[in-house]
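One letter stands for each residue in the lines below.
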Amino acid sequence: MNAALAIVTLQIGVSVAVGFAAAATLSGDTITYLISYAPGGLAEMSIIAVAMQLEAAFVALNHLLRLTLSLLIAPLLLRFVK
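For every chain, the first residue of the written sequence is number 1, and numbering continues from 1 onward in sequence order. Local features in this predicted model are restricted to residues whose pLDDT is 70 or higher, and side-chain atom pairs enter the listing and the counts only when it is 80 or higher, whereas totals over whole chains, interfaces and linings include all residues. To obtain the side-chain values, all non-hydrogen atoms of the structure were used and water was disregarded.

1. A short note on unusual backbone geometry
1) Next: In this model, Ser27 sits at a positive phi of 45°, which is unusual for a non-glycine residue.
2) Next: By the secondary structure assignment, Ser27 is in the loop between helix H1 (2-26) and helix H2 (30-37).
3) Next: Within the chain, Gln53 stands out as a residue other than glycine whose phi angle is a positive 55°.
4) Next: Position of Gln53 relative to the elements: it lies in the loop between helix H3 (42-51) and helix H4 (56-81). To qualify as a helix, a DSSP run of H or I must reach at least 4 residues; to qualify as a strand, a run of E must reach at least 2; elements of each kind are numbered from the N terminus.

Following this line, the structure appears as structure tokens:
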């Protein structure tokens, strides 16, 4: 239970930090960046973006990039942990 809570807290913290940093750096809509980097499913976040009249394609692209990077980086992190 504690490990799951720690992982979720870390994911949300990193997502919020990256979302705010990207919005400030790229001078975009903050809520779009927060939804783009939030941990959650591609379909769910895209539906939220559509419902909020935000850039759904941008949100979907960022989720696909986040997923791809996670799958590429995970084996490297597992080697480090071992």
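2. Points about the UniProt feature "transmembrane region" (unreviewed entry) in the chain
1) Next: Following the UniProt record, one finds the feature "transmembrane region" (unreviewed entry) at residues 31-52 and 64-81.
2) Next: The distance separating the terminal C-alpha atoms of residues 31-52 is 10 Å; by composition the span is 77% helix and 0% strand.
3) Next: With 100% helix and 0% strand, residues 64-81 has its two end C-alpha atoms placed 25 Å apart. UniProt positions are given in the numbering used here, feature names are shortened, and annotations may be inferred rather than shown by experiment.

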